[in-house]
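Given next are the chains, with one letter for each unit.
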Amino acid sequence: MDREHAVFLLKCHAFAHDDLEHPKMQRGFLGMLRPFNGELVEENFHELMQIIEVLADDLGKPALDREIIACFWSICQLARAWAVYPEGMLRRNGLLTPDQEETIEEWIDMISYAVMVLLEGEGQLEEALWGYREYMKRT
């Protein structure tokens, strides 16, 4: 995956792309949560982690692409608000199983941690993806 494709996919996962009818917009990371059809699409999580890896250099630069940061922030904040917080629409309405609640929270934590570490500066990719690599060993 190259940078251009990574940014395109990131925008789709964040529901921030202009093509609202694109399938990745409909069933991407945020799209899978609203409306929620009972399934967390693990492929979306893995794709976001791959996007983070592709954009690692961008995230370590002194001057950041605001659009990229806004997408990651939206993904983490909205997913947390909808699926993790007890008063979020999915939890409040009993749409997630306890396992799904745990899974989405773990995914969001790994995404936000990886982005945070990369924002600290270049050369942090191994640390940023450490939790994800451990997750992959367990699954």
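Model, not experiment: these values are computed from the prediction. (Residues numbered from 1 in each chain as written. Predicted model: local features only at pLDDT ≥ 70, side-chain atom pairs only at ≥ 80, totals over all residues. Heavy atoms only, no water.)

**Some points on the overall build of the protein**
Here's step 1: Within the protein, the regular secondary structure consists of nine helices and zero strands.
Here's step 2: What you see in the protein, going N to C, is helices and strands ordered as α-α-α-α-α-α-α-α-α.
Here's step 3: Here the C-alpha radius of gyration of the protein, 15 Å, is about what a compact globule of 139 residues would show, namely 14 Å.
Here's step 4: Referenced to the eigenvectors of the C-alpha coordinate spread, the extents of the protein come out at roughly 40 × 35 × 25 Å.
Here's step 5: Put simply, the protein has 139 residues, and 42% of those count as buried.
Here's step 6: Within the protein, contacts between residues at least 6 apart in sequence are counted, and of these 59% link residues at least 24 apart.
Here's step 7: When the accessible surface of the protein is totalled, it reaches about 7700 Å², and 51% of it is carbon and sulfur. (Helix = DSSP H or I, 4+ residues; strand = E, 2+ residues; numbered from the N terminus. Rg over C-alpha atoms; globule rule 2.2 N^0.38 Å. Buried < 20%, exposed > 50% of the residue type's maximum accessible area, 1.4 Å probe, protein only. Contact = heavy atoms within 4.5 Å. Areas by Shrake-Rupley, 256 points an atom, 1.4 Å probe, with all protein chains shown as cover.)

**Structural notes on helix α1 (residues 3-13)**
Here's step 1: When α1 is considered as a whole, its buried residues turn out to be Ala6, Val7, Leu9, Leu10, Lys11, Cys12 and His13.
Here's step 2: One or two residues past the end of α1 sits Phe15, with phi positive at roughly 55°.

**Points about the pattern of salt bridges**
Here's step 1: Tallied over the entire structure, the rule returns 10 salt bridges.
Here's step 2: Residue Arg80 is joined to Asp109 by a salt bridge in which the shortest nitrogen-to-oxygen separation is 3.0 Å. In this pair, Arg80 sits in helix α5 (residues 66-84) while Asp109 sits in helix α7 (residues 98-119), placing the two residues 29 residues apart along the sequence.
Here's step 3: Through salt bridges that share partners, Arg3, Asp58 and Asp65 make up one connected network. (Salt bridge = Lys/Arg side-chain N within 4 Å of Asp/Glu carboxyl O.)

**Section: α7**
Here's step 1: For α7, built from 22 residues, the straight-helix expectation of 32 Å at 1.5 Å per residue is met to within 8% by its first-to-last C-alpha distance of 32 Å.
Here's step 2: Within α7 the residues assigned to the buried category are Gln100, Ile104, Trp107, Ile108, Met110, Ile111, Ala114, Val115, Val117 and Leu118.
Here's step 3: Buried residues along α7 sit against α3 (42-54), α4 (56-59), α5, α8 (125-128) and α9 (130-138).
Here's step 4: Positioned one or two residues after α7, Gly121 has a phi angle of 145°, which is positive. (Expected span 1.5 Å × (residues − 1).)

**Some thoughts on the confidence of the model for the protein**
Here's step 1: The pLDDT averaged across the protein works out to 94; a share of 100% of its residues lies at or above 70.
Here's step 2: Helix α2 (residues 23-27) is the least confidently modelled element of the protein, averaging 85 in pLDDT, while α3 averages 98, the highest of any element. (pLDDT = per-residue confidence, 0-100.)

**What to know about the packing of aromatic side chains**
Here's step 1: Under the defined criterion, the tally for this structure stands at four aromatic pairs.
Here's step 2: With a centroid separation of 6.3 Å and an interplanar angle of 55°, the aromatic rings of Phe29 and Trp107 are classed as tilted. Placement of Phe29 in the loop between α2 and α3 and of Trp107 in helix α7 is noted, with a sequence separation of 78 residues between them.
Here's step 3: Take Trp107: its relative accessible area is 1%, and that puts it in the buried class.
Here's step 4: An aromatic cluster of at least three residues, connected via ring pairs, comprises Phe29, Phe45, Trp107, Tyr132 and Tyr135. (Phe/Tyr/Trp six-rings, centres within 6.5 Å; stacked < 30°, edge-to-face > 60°.)

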